[in-house]
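# Commentary on secondary and tertiary structure
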Amino acid sequence: MELINTFFNWDVLVRSFPILLRGLGNTILLGCASIFFGCIAGLLVCLARLYGPRPLKALAVFYVDVFRALPILVVLILIYYALPFVGIRLSSFASATIALSMVLAAFTAEVCRAGIENIPRGQFEAAAALGLPFWLALRKVVLPQALRVVVPPLTSNCVSVYKDTALASVVAMPDLLKQATDAQALMANPTPLIGAAIIYLAFLWPLVRLVSHLEARGKRAYGRS
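Overview of the structure. Computed from a predicted model, the values in this text were never measured in an experiment.

## A closer look at the nonpolar core
Counting 18 residues, the largest nonpolar core has V45, C46, A109, I116, F124, L138 and V142 as its most contacted members. Elements supplying a minimum of two residues to this core: α2 (10–51), α3 (54–69), α5 (92–117), α6 (122–129) and α7 (134–164). The contact partners of I116, leaving out residues within four places of it in the chain, are C46, L47, L50, Y51, V142, L143 and A146.

This is how it looks when you write it as structure tokens:
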């Protein structure tokens, strides 16, 4: 009974629920912004690595290697705490968005590169034979085919981004975890943390199942081809 009153106190959960919902809204907003900017930046890095001039290719490879190796928490702390020393001050939301976007861009670039390289080179040659310029062939012919390959891993990366938004609490952004921690301190009970875990599960579990569905559908489509 003491365990239930401590970790599953219904009254505490009900009182903290509005606070948790505000945190969930911030988490969703942060995740959406990071995914939007991260995917766009990742595609640009991918194209620079595949089709850019040699210096740009080297820079893209360096970027991908560095940000795939660095923990997101390290990137976030550097952006939020180090940039003010050079006169750049960012809010906790902006810092978290930039950090998550930069890391996601590196992983997105690799996923997109693998998807594009999976398309036979003959697709470009066939498009050129029809008189399509290279970039138009890439946009109209190659990228739509590569999309089938990259959607499952990209979706998986997006789920990871939403989980990693919890790191924003380190820079005092009022995301779901930060709000749960504050509610725990306010009510002197850990039940809000359990509530946050339940909300994370309810929000992310459907996305995890979506990833599995997309992977299975991709395998079936690949088998038919």
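## Here's the deal with the pattern of salt bridges
What the rule picks out here adds up to 5 salt bridges. Between E110 and R68 there is a salt bridge, with its nearest N and O atoms 3.5 Å apart. Here E110 is found in helix α5, whereas its partner R68 is found in helix α3, with 42 residues between them in sequence. With relative accessibility at 14%, the residue E110 sits in the buried group.

## A short note on helix α4 (residues 72–82)
When α4 is considered as a whole, its buried residues turn out to be I72, V75, L76 and I79. Mapping the buried residues of α4 onto a view down its axis gives an arc of 100 degrees, with all of them on the same face. Contact partners of the buried residues in α4: α3, α5 and α7.

## Quick look at the environment of I119
Within the element layout of this structure, I119 appears in the loop between α5 and α6. For I119, the residues in contact, after removing those within four places along its chain, are V142, Q145 and A146.

## Some remarks on α3
Counted at 1.5 Å a residue, the expected span for α3 with its 16 residues is 22 Å, and the 23 Å between its end C-alpha atoms agrees. What α3 keeps buried is the set A60, V64 and F67. The arc that holds every buried residue of α3, seen down its axis, measures 85 degrees, which confines them to one face. Along α3, exposed side chains directed more than 90 degrees from the buried face belong to R54, P55, L59, F62 and A69. In this structure, the buried residues of α3 make contact with α2, α4 and α5.

## Some thoughts on the environment of L78
With respect to the element layout, L78 can be found in helix α4. We classify L78 as partly exposed; its relative accessible area is 46%. Separated by 21 residues in sequence, L78 and A99 place their C-alpha atoms 9.0 Å apart.

## What to know about unusual backbone geometry
Of note in the backbone geometry, A172 takes a positive phi value of approximately 65 degrees without being a glycine. Checked against the element boundaries, A172 lands in the loop between α7 and α8 (176–187). Accessibility expressed as a relative area gives 46% for A172, which makes it partly exposed.

## Points about the side chain of N9
Looking at the secondary structure, you find N9 in the loop between α1 (2–7) and α2. Filtering out sequence-adjacent residues up to four positions away, N9 remains in contact with I4, N189 and T191.

## A closer look at the packing of α6 against α7
Packing of α6 against α7 brings their axes to within 10 Å, and their N-to-C directions diverge by 135 degrees. Comparing their axes, α7 and α6 come out oblique. Here α6 and α7 pass one another in a crossing that is right-handed. Facing α6, whose interface residues are Q123, F124 and A127, α7 presents F134, A137, L138, V141, V142 and Q145.

## Focus: the packing of aromatic side chains
Two descriptors summarise a pair of aromatic rings, namely the distance from one centre to the other and the angle between the planes of the rings. For the structure on display, the rule yields 5 aromatic pairs. Relative to F67, the ring of Y63 lies with its centre 4.7 Å away and its plane at 40 degrees, an arrangement referred to as tilted. Taken together, the residues span about one helical turn, with Y63 and F67 both in helix α3 at a distance of 4 residues. Residue F67 is classed as buried on the basis of its relative accessible area of 12%. Ring plane angle 90 degrees and centroid distance 4.9 Å describe the contact between Y80 and Y81, whose orientation is recorded as edge-to-face. A residue is classified by how much of its surface remains accessible, and Y80, at 24% relative accessible area, is partly exposed. Among the residues examined, Y81 registers a relative accessible area of 41% and is labelled partly exposed.

Rules and cut-offs
- One numbering rule holds for all chains: residues counted from 1, following each sequence as written.
- Local features in this predicted model are restricted to residues of pLDDT 70 or higher, and side-chain atom pairs are both shown and tallied only at a pLDDT of 80 or more, whereas totals for entire chains, interfaces and linings draw on every residue.
- Excluded from the side-chain calculation are hydrogens and water; included are all heavy atoms of the structure.
- For the purposes of this section, nonpolar cores are sets of buried Ala, Val, Leu, Ile, Met, Phe, Trp, Tyr and Cys residues that join through side-chain atoms within 4.5 Å.
- A 1.4 Å probe rolled over the protein chains alone gives each residue an accessible area, and that area as a share of the maximum for its type sets the label: buried under 20%, exposed over 50%, partly exposed in between.
- Here a strand is any run of E in DSSP of at least two residues, a helix any run of H or I of at least four, and the numbering for each starts at the N terminus.
- For this analysis, residues touch if any pair of their heavy atoms sits within 4.5 Å.
- One side-chain nitrogen of Lys or Arg within 4 Å of one carboxyl oxygen of Asp or Glu is enough to make a salt bridge.
- Here, the arc refers to the directions that run from the helix axis to the C-beta atoms.
- Expected span, for any helix, means 1.5 Å times one less than how many residues it has.
- Interaxial angles span 0 to 180 degrees and are taken between N-to-C directions of axes, which are lines fitted to C-alpha atoms, for helices over the stretch in contact.
- For classification purposes, an angle smaller than 35 degrees is called roughly parallel, one larger than 145 roughly antiparallel, one from 65 to 115 roughly perpendicular, and anything else oblique.
- By convention the crossing between two helices is left-handed if the near helix lies anticlockwise of the far one by an angle smaller than a right angle, and right-handed if it lies clockwise.
- Under the pairing criterion, centres of Phe, Tyr and Trp rings, with the six-membered ring standing for Trp, must be within 6.5 Å; the plane angle then separates stacked pairs below 30 degrees from edge-to-face pairs above 60, leaving the rest tilted.

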